[in-house]
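Structural overview
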Amino acid sequence: GDSVTQMEGPVTLSEEAFLTINCTYTATGYPSLFWYVQYPGEGLQLLLKATKADDKGSNKGFEATYRKETTSFHLEKGSVQVSDSAVYFCASIIQGAQKLVFGQGTRLTINP
Amino acid sequence: DGGITQSPKYLFRKEGQNVTLSCEQNLNHDAMYWYRQDPGQGLRLIYYSQIVNDFQKGDIAEGYSVSREKKESFPLTVTSAQKNPTAFYLCASSIGIHWNEQFFGPGTRLTVL
């Protein structure tokens with residue numbers, strides 16, 4: 001079945017460091033891909049998305065590129081801030097499907 | 001402001017009691033969803049509804065029940081049959097069942113004492 005695998009956490013970085021959180025997917029078709037962010041004690045917020053191969057989603061300095069050849073959607077940010085500390089979820093959905101498939105989440109902590 | 005509200009934020013229940021979690025949206029979305037989140041794990045789908053008076057089981061529906069009498073509301077009842085109900089519960093909605101983007105509420109943390 002369809003699945004999403006994320007980089008194991010937790011990830012701890014210093015402020016202004018470069019961030020990469022890996023995400024790979026398996027799907028029977030060509031899914032849309034998402035990154036959601038969850039701040040402590042809150043629900044999930046959509047961070048960015050990409051709906052077809054080679055699309056790049058971006059928001060708040062975060063970027064992710066839909067790579068069909070490697071079935072990946074890695075999240076990157078050039079210079080992280082303490083306020084980026086949160087749990088990040090990668091998710092996929094096949095067009096016409098009825099539910100999102102989530103990765104297990106990656107906890108990110110940024111130290112000042 | 002449009003959005004999804006869940007209440008209460010924290011809920012405590014004694015073993016053997018049923019409890020109902022509220023979810024309301026004013027986004028005029030047709031589809032609504034309930035997820036369960038456990039520490040260090042991703043989200044697991046409990047139930048979803050494509051339209052009023054219709055709903056389907058997700059991956060972990062046992063011990064839960066839902067209703068969808070109004071478009072704006074999708075309450076979740078955690079019954080005494082749910083063996084391990086302590087978790088963080090998230091409600092979400094989307095324009096339609098096949099529309100990709102889901103919007104999430106702030107969540108309810110349920111603790112069974």
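Look above for the structure.
Criteria and cut-off values
- Residues numbered from 1 in each chain as written.
- Chains lettered and ligands numbered in written order.
- Predicted model: local features only at pLDDT ≥ 70, side-chain atom pairs only at ≥ 80, totals over all residues.
- Heavy atoms only, no water.
- Patch = residues over 30% accessible without salt bridge, like charges linked within 9 Å, V, L, I, M, F, W, Y side chains within 5 Å.
- Areas by Shrake-Rupley, 256 points an atom, 1.4 Å probe, with all protein chains shown as cover.
- Salt bridge = Lys/Arg side-chain N within 4 Å of Asp/Glu carboxyl O.
- Helix = DSSP H or I, 4+ residues; strand = E, 2+ residues; numbered from the N terminus.
- Contact = heavy atoms within 4.5 Å.
- Buried area = accessible area lost by both parts, 1.4 Å probe.
- Polar contact = N/O pair within 3.5 Å; in protein donor to acceptor, adjacent residues only side chain to side chain.
- Disulfide = S-S within 2.5 Å.
- Core = buried A, V, L, I, M, F, W, Y, C linked by side-chain atoms within 4.5 Å.
- Buried < 20%, exposed > 50% of the residue type's maximum accessible area, 1.4 Å probe, protein only.
- Pairing = 2+ DSSP bridges.
- Axes fitted to C-alpha atoms, helices over the stretch in contact; angles between N-to-C directions.
- Phe/Tyr/Trp six-rings, centres within 6.5 Å; stacked < 30°, edge-to-face > 60°.
- Lys NZ or Arg CZ within 6 Å of the ring centre and 35° of its normal.

Some details on a nonpolar patch on the surface
A cluster of nonpolar residues, Tyr10, Phe12 and Leu113 of chain B, forms a patch on the protein surface that exposes about 390 Å² of accessible area. Along the chain, the position of tyrosine 10 of chain B falls in strand β2 (residues 10-13).

A closer look at the interface of chain B and chain A
Residue-level contacts link 22 residues of chain B with 21 residues of chain A. Summing both partners gives a buried area of about 1,700 Å² for chain B against chain A, and 49% of it is carried by carbon and sulfur. The partner of lysine 49 of chain A in a salt bridge is glutamate 101 of chain B, and the shortest N-O contact between them spans 3.2 Å. If you look at where chain B meets chain A, you find seven residue pairs in polar contact (both at pLDDT 80 or more).

Some points on the state of the cysteines
Between two cysteines, a covalent bond joining their sulfur atoms is known as a disulfide. All names here are of chain A. Inspection of every chain in the model, using the stated rule, returns two disulfides over all chains. Between the sulfur atoms of cysteine 23 and its disulfide mate cysteine 90 the distance is 1.9 Å. Disulfide cysteine 23-cysteine 90: the torsion about the S-S bond is -70°, which places it as left-handed. With a gap of 67 residues between them, cysteine 23 in strand β4 (residues 23-26) and cysteine 90 in strand β10 (residues 86-94) connect regions that are remote in the sequence.

So, unusual backbone geometry
The omega torsion across glycine 9 of chain A and proline 10 of chain A is -5°, close enough to zero to call that bond cis. Here proline 10 of chain A shows up in the loop between β1 (3-6) and β2 (11-14). Looking along the chain, the bond that leaves serine 7 of chain B and enters proline 8 of chain B is cis, with omega of -10°. Among the secondary structure elements, proline 8 of chain B is positioned in the loop between β1 (4-7) and β2. Phi is positive for lysine 60 of chain A, close to 55°, though the residue is something other than glycine. Relative to the elements of secondary structure, lysine 60 of chain A occurs in the loop between β7 (56-59) and β8 (62-65).

A look at the nonpolar core
One finds Trp35, Leu47, Leu48, Phe62, Phe73, Leu75 and Tyr88 of chain A to be the most contacted residues of the largest nonpolar core, which totals 25 residues. Only β3 (19-21), β4, β5 (31-38), β6 (44-50), β8, β10 and β12 (106-111) of chain A provide two or more residues apiece to this core. Apart from residues no more than four positions distant in its own chain, leucine 47 of chain A is found in contact with Trp35, Tyr36, Val37, Asn59, Lys60, Phe62, Leu75 and Tyr88 of chain A. Counting residues in each nonpolar core, the second largest holds 20 residues, with Cys23, Met32, Trp34 and Tyr64 of chain B among its members.

Some details on the pattern of salt bridges
Summed over the entire model, instances satisfying the criterion amount to eight salt bridges over all chains. For aspartate 84 of chain A, the salt bridge goes to lysine 77 of chain A, with nearest N and O atoms at 2.8 Å. Classification of lysine 77 of chain A as buried rests on a relative accessible area of 10%. Salt bridges sharing common partners tie together Arg36, Asp38 and Arg44 of chain B.

Some words on the sheet that holds strand β9 (residues 75-77) of chain A
Residue and element names in this part refer to chain A. Strand order in this open sheet of four strands is β3-β9-β8-β7, and the pairing throughout is antiparallel. Of all the strands in the sheet, the pair left with one neighbour each is β3 and β7. On average, adjacent strands in this sheet sit at an angle of 20° to one another, irrespective of strand direction. Both β7 and β8 contribute to a ladder of four bridges, which runs antiparallel. By the bridge assignment for β8, glycine 57 is matched with alanine 64.

A short note on the sheet that holds strand β3 (residues 19-25) of chain B
All names here are of chain B. Across the sheet, which stays open at both edges, the four strands sit in the order β1-β3-β8-β7 with antiparallel pairing between neighbours. Pairing within the sheet leaves two strands with one partner each, and these edge strands are β1 and β7 (64-66). Each strand of the sheet is rotated relative to its neighbour by a mean of 20°, with strand direction disregarded. Bridge analysis of β1 against β3 gives four bridges, and the strand direction is antiparallel. Along β3, the bridge assignment pairs isoleucine 4 with glutamine 25.

Let's talk about the packing of aromatic side chains
All told, the structure shown has twelve aromatic pairs over all chains when counted by the stated rule. Pairwise contacts between aromatic rings join Phe34, Tyr36, Phe89 and Phe102 of chain A together with Tyr33, Tyr35 and Phe104 of chain B into one cluster. The positively charged end of arginine 68 of chain B is found above the aromatic ring belonging to phenylalanine 74 of chain B, 6.0 Å away from the centroid.

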